[in-house]
Amino acid sequence: MVTQEVPHLSRCLEEAHSLDEFSTSYKEVLNTSNMKKSEVSGVMAKADIKPKSIHHAKKWSDDVENLYRFQQAGYRDEFEYKQVKQVDVVECWPETGFVKKLQRRDNTFYYYDKQRECEDEEVHKVKVYVY
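What counts as what
Residues numbered from 1 in each chain as written. Predicted model: local features only at pLDDT ≥ 70, side-chain atom pairs only at ≥ 80, totals over all residues. Heavy atoms only, no water. pLDDT = per-residue confidence, 0-100. Helix = DSSP H or I, 4+ residues; strand = E, 2+ residues; numbered from the N terminus. Contact = heavy atoms within 4.5 Å. Buried < 20%, exposed > 50% of the residue type's maximum accessible area, 1.4 Å probe, protein only. Salt bridge = Lys/Arg side-chain N within 4 Å of Asp/Glu carboxyl O.

Visitor: Talk me through the confidence of the model for the protein; I want residue IDs and the actual numbers.
Guide: Counting all residues, the mean pLDDT for the protein is 76, and 64% of those residues have values of 70 or more. Model confidence for the protein, summarised as mean pLDDT per element, is weakest for helix H1 (residues 9-19) at 35 and strongest for helix H4 (residues 62-72) at 97. Taken as a whole, residues 1-41 scores under 50 in pLDDT and shows 57 contacts with residues more than four places along the chain or in a different chain.

Dropping the structure here:
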């Protein structure tokens, strides 16, 4: 198995742990500011990166909404979805940025609305993975 190192990952993880913020998303933990989106997805998909830690979301956000949608379809998050389905881009609503369509492992499609679908009662069930 070939592993690749994601630049600045350890520094970002230290910063995320020091913040002790439970609504931190995987996008905030993985510092991708100086990498192109295709490079990030390529590195993450090819490296078979496993999460270092996990916590549950405490409050709703756009990232929590998208994680909710991925987890409903049977995936941890966008990285695992891209890895399993071998896609580069996930279909999103242009107006909100929320995930529009996902394909489950049994090849059934889930279609999502433009509006929020993760109700306040469901937020605590969303798992946020830290890489």
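Visitor: Explain unusual backbone geometry residue by residue, including any values.
Guide: A negative phi holds for most residues other than glycine; trans holds for most peptide bonds. If you check the backbone angles, Gln86 has positive phi at about 55° while not being a glycine. As for its position among the elements, Gln86 is in the loop between helix H5 (78-85) and strand S2 (101-103). According to the relative accessible area criterion, Gln86 is exposed, its value standing at 71%. Although it is not a glycine, Asn107 sits at a positive phi angle of roughly 70°. Examined against the element boundaries, Asn107 turns out to sit in the loop between S2 and strand S3 (109-111).

Visitor: How would you sum up the pattern of salt bridges? Please name residues and give values.
Guide: Evaluation of the coordinates by the stated rule reveals eight salt bridges. For the salt bridge of Glu95 with Lys114, the shortest nitrogen-to-oxygen distance reads 3.6 Å. Within this pair, whereas Glu95 is found in the loop between H5 and S2, its partner Lys114 is found in the loop between S3 and strand S4 (127-130), the two being separated by 19 residues in sequence. Asp120 is paired through a salt bridge with Arg116; the nearest N and O atoms lie 2.5 Å apart. For Arg116, a relative accessible area of 33% translates into the label partly exposed.

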